[in-house]
Amino acid sequence: MNIGYIGLGKMGANMVARLIEKGHTLVTYTQPSGGTVESLTELVGALPQPRLVWIMVPHTAVESVLTELVPLLHAGDTIIDGGNSPYQESVRRSKELTEQNILFLDVGVSGGPSGARNGACLMVGGDRNKYSELEWLWKDLSVEDGYGYMGASGAGHFVKMVHNGIEYGMMQSLAEGFDLLRHSDEFALDMERVSAVYGKRSVITGRLVSWLNEAFKTYGDDLTGISGSAASTGEGAWTKEAADRNNISVPDLDAALAVRAASQKDPSYQGQIISALREQFGKHNAHIDTK
C-alpha cells in the first residue's frame, strides 16, 4: 500500500520503519527536512488516488498541516491524525472534512517510540467502514490484537486522553511508594532490587515498574542527574477538564497534577521518579538543566 506520512519525530520515524518493514511504500515529509519529498504538494502528487495520509506531528502543529494539506486533496481521500490531539478538535475536524468528502480518522497511539517500532497499541475513532477497510494498517502497526475501533469521530483521541490520565495516576502512585521506600527511617532499601522484585508477577507488576527498574539501574537509587521537576504534555489536564464536565471525581489525577505543578518550583524525589519514567517510555528529556 502507498501511504503518505507527515512527521518523522521519535514516534513517526519508528512507525515509518515498521511499515516499510511490512512491505508498504511510504512517501514521507517532515520539517525542516529529512523525508522522501520536500513539500506537501510533492507528497500528494506522489500518491495514487484515493490517497491515504497519516499525520504524526505535535497536536499544536496539526491545524497548520491540515490548512496546507487539505486544499491539495480530493474527495475520497483519507487523513489519519495519529498524534495526541484534543478530542474536541478531532470531532470538529472530522465534521469539516466530511463536508468536503474527505474522511478523517483519529488514532490514539500508545507504547512510546519502542512500541511504534515493535508494535503499538492503537485506539481508532471515526467512520466504521473506513476503519474496517484499513484493518491491514492497524494490524501492521500494532502489537498482536493491540488495536480496536472506539467509536465515532473523536473517540480514538478521547480514549487515548483518558489512558494518559490513568497513566498520570499510576505514575504518581509509584512515585509516592518509592519516595517512602527510599526515605524510610527504619530500613536502608535497595531501590533497584525492590523494583526488580515488584516486577516479577506481583500484583503491581507491569511495564511502568519495569521501566522504573531500568531507571534505577541506570541512575542509582537517588536517580542522579534526573530532574525533580516533572513535566506535563497536557493530556492529564485535558482528562481532568473532561471529568469536571461530566461530574466525575478523579482524586488520583488531581493529586498527580498537583504534584507535577508543585515540582516546578520545588523539585522532589517524586518528581524525579516521574521524570525518569517519562524518559524510559517516551524518551522525554528528564535530565537536570545545567544552563
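This one's a predicted model, so the numbers in the text were calculated from it and none came from an experiment.

Colleague: Help me out: how do you make sense of the overall build of the protein chain in this one?
Modeller: Helix and strand content of the protein chain: 13 helices and 7 strands. A compact globule built from 291 residues would reach a C-alpha radius of gyration of about 19 Å, and the protein chain, at 21 Å, matches this within 12%. Put simply, the protein chain has 291 residues, and 49% of those count as buried. Considering only contacts within the protein chain whose residues lie at least 6 apart along the sequence, 68% involve residues at least 24 apart. Surface accessibility of the protein chain: about 14,200 Å² in total, with carbon and sulfur atoms responsible for 52%. Charged side chains of the protein chain number 25 positive and 35 negative; the gap between the two group centres comes to 3 Å.

Colleague: Can you help me understand the packing of helix H9 (residues 191-198) against helix H10 (residues 207-219) in this one?
Modeller: Relative to each other, H9 and H10 sit at 160°, their axes nearing to 9 Å. Judged by the inter-axis angle, H9 sits roughly antiparallel to H10. You can see that H9 and H10 cross each other, and the crossing is left-handed. Residue-level contacts link Met 191, Glu 192, Ser 195, Ala 196 and Tyr 198 of H9 to Val 209, Asn 213, Phe 216 and Lys 217 of H10.

Colleague: So what exactly am I meant to see when it comes to the side chain of His 157 here?
Modeller: Along the chain, His 157 turns up in helix H8 (residues 155-182). His 157 sits in the buried class, given a relative accessible area of 2%. In this view, His 157 contacts Asp 81, Gly 83, Ser 85, Tyr 87, Ser 90, Asp 106, Val 107 and Gly 108; residues no more than four positions away in its chain are not counted.

Colleague: Would you mind showing me how to read the side chain of Ser 85 here?
Modeller: Structurally, the position occupied by Ser 85 is in the loop between strand E4 (78-81) and helix H4 (87-98). On the accessibility criterion, Ser 85 (3% relative accessible area) is buried.

Colleague: Is there a simple way to explain the pattern of salt bridges in this structure?
Modeller: Think of it this way: side chains of opposite charge can pair up when their charged atoms draw near. Following the criterion strictly, the structure yields 13 salt bridges and no others. For Lys 130, the salt bridge goes to Glu 133, with nearest N and O atoms at 2.9 Å. Taken together, the residues span about one helical turn, with Lys 130 and Glu 133 both in helix H6 (residues 128-133) at a distance of 3 residues. Its relative accessible area of 9% is what places Lys 130 among the buried residues. With its nearest N and O atoms 3.1 Å apart, the salt bridge here joins Lys 240 to Asp 244. Here Lys 240 and its partner Asp 244 are both found in helix H11 (residues 235-245), 4 residues apart, which amounts to about one turn of the helix.

Colleague: Would you mind going over H11 with me for this structure?
Modeller: In an α-helix there are 3.6 residues to a turn, and that puts residues three or four apart on one side. Among the residues of H11, Glu 235, Gly 236, Trp 238, Thr 239, Ala 242 and Ala 243 are the ones counted as buried. Taken around the axis of H11, the buried residues stretch over an arc of 160°, which confines them to a single face. Here the buried face of H11 lies against helix H3 (59-69), H4, H8 and helix H12 (251-265). Of the residues trailing H11, Asn 247 is marked for its positive phi of about 55°.

What counts as what
- Residues numbered from 1 in each chain as written.
- Predicted model: local features only at pLDDT ≥ 70, side-chain atom pairs only at ≥ 80, totals over all residues.
- Heavy atoms only, no water.
- Helix = DSSP H or I, 4+ residues; strand = E, 2+ residues; numbered from the N terminus.
- Rg over C-alpha atoms; globule rule 2.2 N^0.38 Å.
- Buried < 20%, exposed > 50% of the residue type's maximum accessible area, 1.4 Å probe, protein only.
- Contact = heavy atoms within 4.5 Å.
- Areas by Shrake-Rupley, 256 points an atom, 1.4 Å probe, with all protein chains shown as cover.
- Lys, Arg positive; Asp, Glu negative; His and termini not counted.
- Charge placed at Lys NZ, Arg CZ, Asp CG, Glu CD.
- Axes fitted to C-alpha atoms, helices over the stretch in contact; angles between N-to-C directions.
- Parallel < 35°, antiparallel > 145°, perpendicular 65-115°, else oblique.
- Left-handed = near helix turned anticlockwise from the far one by under 90°.
- Salt bridge = Lys/Arg side-chain N within 4 Å of Asp/Glu carboxyl O.
- Arc of directions from axis to C-beta.

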